Amino acid sequence: MTITQRINTGLKRVPAWPLYIVGPLPVIWLYYLGLTNQLGADPVKVIEQQLGLIGLQLIVAGLMITPLRRFAGLNLIKFRRAIGLLAFFYVTVHLLTWLVFDTQLDWAYIWMDIVKRPYITIGMTGFLLLLPLAVTSNNISIRRLGPATWNKLHRLTYAAALAGAVHYVWLVKGWQTEPLVYLAGIVVLLMVRIRIRSKRIVASTLKRAG
């Protein structure tokens, strides 16, 4: 038995539900640090950026699951839904932090920011793309929509990931390395997924033709 097979065998005994308990803990920790004045002069900005970054990291983690199974044989599919919902959770709290603490729920100012600032426009677009994915990330939605329609809908993840990466690049001042690395990594992951899908379509077409 290979190392990968051993890992997969061990993962079968690991439930996904603890992720829903452990996953949100950094939010509590960040707010604790902010409330106790341990995040510098602008704690709201630090909290916003850290929550957004964790959300982006979770989106990347979700995108990596299929390539890892395909090329490394590592099967993490059972954790994909939890990772996706946690990503949406972090993006949502990131947005709420901005709305409540940064803009003070001044809706006129919020709308002006969304329209006039490209990084906020693309960030809000990414959130809206994630919204239907979070709502339908359950077995009932899969049965009602059908697996084919559900899979097509959840390809919005690709556009949401790109929107999140571009939001991060535009958010920081100047061309910093870290946001560009995330953007490049997401582009590569999407290209890999497109290649995998293309091969599946070709294989399915050849099978039907044969």
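Before reading on, note that the structure itself is shown above.
Just so you know, these numbers come straight off a predicted model, no measurement behind them. (Residues numbered from 1 in each chain as written. Predicted model: local features only at pLDDT ≥ 70, side-chain atom pairs only at ≥ 80, totals over all residues. Heavy atoms only, no water.)

K.L.:
Would you mind going over the overall build of the protein chain with me for this structure?
P.N.:
Helix and strand counts for the protein chain stand at eleven helices and zero strands. Moving toward the C terminus, one meets the helices and strands of the protein chain in the order α-α-α-α-α-α-α-α-α-α-α. The principal-axis extent of the C-alpha atoms belonging to the protein chain is close to 65 × 40 × 35 Å. Burial statistics for the protein chain: of 210 residues in total, 35% are counted as buried. Considering only contacts within the protein chain whose residues lie at least 6 apart along the sequence, 68% involve residues at least 24 apart. (Helix = DSSP H or I, 4+ residues; strand = E, 2+ residues; numbered from the N terminus. Buried < 20%, exposed > 50% of the residue type's maximum accessible area, 1.4 Å probe, protein only. Contact = heavy atoms within 4.5 Å.)

K.L.:
Hey, could you run me through the side chain of His167 in this one?
P.N.:
With respect to the helices, strands and loops of the structure, His167 is situated in helix 10 (residues 156-171). When residues no more than four places from it in sequence are discounted, the contact partners of His167 are His94, Tyr119, Ile120, Ile122 and Gly123.

K.L.:
What is the right way to read the pattern of salt bridges from this model?
P.N.:
Two side chains with opposite charge may pair up if their charged atoms get near one another. One pass over the full model with this rule turns up one salt bridge. Asp113 serves as the salt-bridge partner of Arg117, at 3.2 Å between the closest nitrogen and oxygen. Arg117 gets classed as partly exposed once you look at its relative accessible area, which sits at 34%. By relative accessible area, which is 4% here, Asp113 ends up buried. (Salt bridge = Lys/Arg side-chain N within 4 Å of Asp/Glu carboxyl O.)

K.L.:
Looking at this model, I keep getting lost on the environment of Leu171. Mind explaining?
P.N.:
Looking at the element boundaries, Leu171 is found in helix 10. The class of Leu171 is partly exposed, set by a relative accessible area of 27%. A sequence separation of 17 residues divides Leu171 from Val188, and the C-alpha atoms of the two residues are 21 Å apart. Those residues in contact with Leu171 that lie beyond four places of it in its chain are Gln49 and Tyr119.

K.L.:
What is the right way to read a nonpolar patch on the surface from this model?
P.N.:
Together, Trp17, Tyr20, Ile21, Val22, Leu25 and Ile28 make up a nonpolar patch on the protein surface, roughly 650 Å² of accessible area in all. If one sorts the elements of the nonpolar patch by residue count, helix 2 (residues 18-22) sits on top with three residues. The residue Val22 is located in helix 2 in this model. (Patch = residues over 30% accessible without salt bridge, like charges linked within 9 Å, V, L, I, M, F, W, Y side chains within 5 Å. Areas by Shrake-Rupley, 256 points an atom, 1.4 Å probe, with all protein chains shown as cover.)

K.L.:
I'm lost on unusual backbone geometry in this one. Help?
P.N.:
With the exception of glycine, most residues fall at negative phi, and the peptide bonds are largely trans. Notably, Gln104 is not glycine yet its phi reads approximately 55 degrees, a positive angle. Residue class for Gln104 comes out exposed when judged on its relative accessible area of 58%.

K.L.:
It is not clear to me how the nonpolar core should be interpreted in this structure. Could you clarify?
P.N.:
Most often, soluble globular proteins keep nonpolar side chains buried together rather than apart. Leu51, Leu58, Leu63, Trp98, Leu130 and Ile186 are the most contacted members of the largest nonpolar core, which totals 46 residues. Of all elements in the fold, only helix 3 (25-35), helix 4 (43-72), helix 5 (80-102), helix 6 (107-116), helix 7 (118-135), helix 10 and helix 11 (177-209) reach the threshold of two or more residues within this core. (Core = buried A, V, L, I, M, F, W, Y, C linked by side-chain atoms within 4.5 Å.)

K.L.:
What exactly am I supposed to notice about a positive patch on the surface here?
P.N.:
A cluster of like positive charges, contributed by Arg69, Arg70, Arg80, Lys152, Arg195, Arg197, Lys199 and Arg200, occupies part of the molecular surface. Contributing elements (two or more residues each) for the positive patch: helix 4 and helix 11. A per-element tally of the positive patch places helix 11 first, with four residues. Turning to its location among the elements, Arg195 is positioned in helix 11. (Lys, Arg positive; Asp, Glu negative; His and termini not counted. Charge placed at Lys NZ, Arg CZ, Asp CG, Glu CD.)

K.L.:
Before we go on, may I ask you to explain the packing of helix 5 against helix 7 in this structure?
P.N.:
The geometry of helix 5 relative to helix 7 is characterised by a closest axis approach of 10 Å and an angle of 140 degrees between their N-to-C directions. Comparing their axes, helix 7 and helix 5 come out oblique. For the pair helix 5 and helix 7, the crossing hand works out as left-handed. For the pair helix 5 and helix 7, the contacting residues are Leu85, Phe88, Val91, Thr92, Leu95 and Trp98 in the first and Ile120, Met124, Phe127, Leu130, Leu131 and Ala134 in the second. Grouping the amino acids of the contact of helix 5 with helix 7 by side-chain chemistry returns eleven nonpolar, one polar and no charged. (Axes fitted to C-alpha atoms, helices over the stretch in contact; angles between N-to-C directions. Parallel < 35°, antiparallel > 145°, perpendicular 65-115°, else oblique. Left-handed = near helix turned anticlockwise from the far one by under 90°. Nonpolar A, V, L, I, M, F, W, Y, C, P; charged D, E, K, R; others polar.)

K.L.:
What's the story with the environment of Ala160 in this structure? I'm lost.
P.N.:
Mapped onto the fold, Ala160 is located in helix 10. Taking relative accessible area as the criterion, Ala160 reaches 3% and is therefore assigned buried. Considering only alpha carbons, one finds Ala160 and Gly123, 37 residues apart in sequence, at a separation of 8.8 Å. In this view, Ala160 contacts Gly126, Leu129 and Leu130; residues no more than four positions away in its chain are not counted.

Honestly, it's all geometry; don't read function into it.
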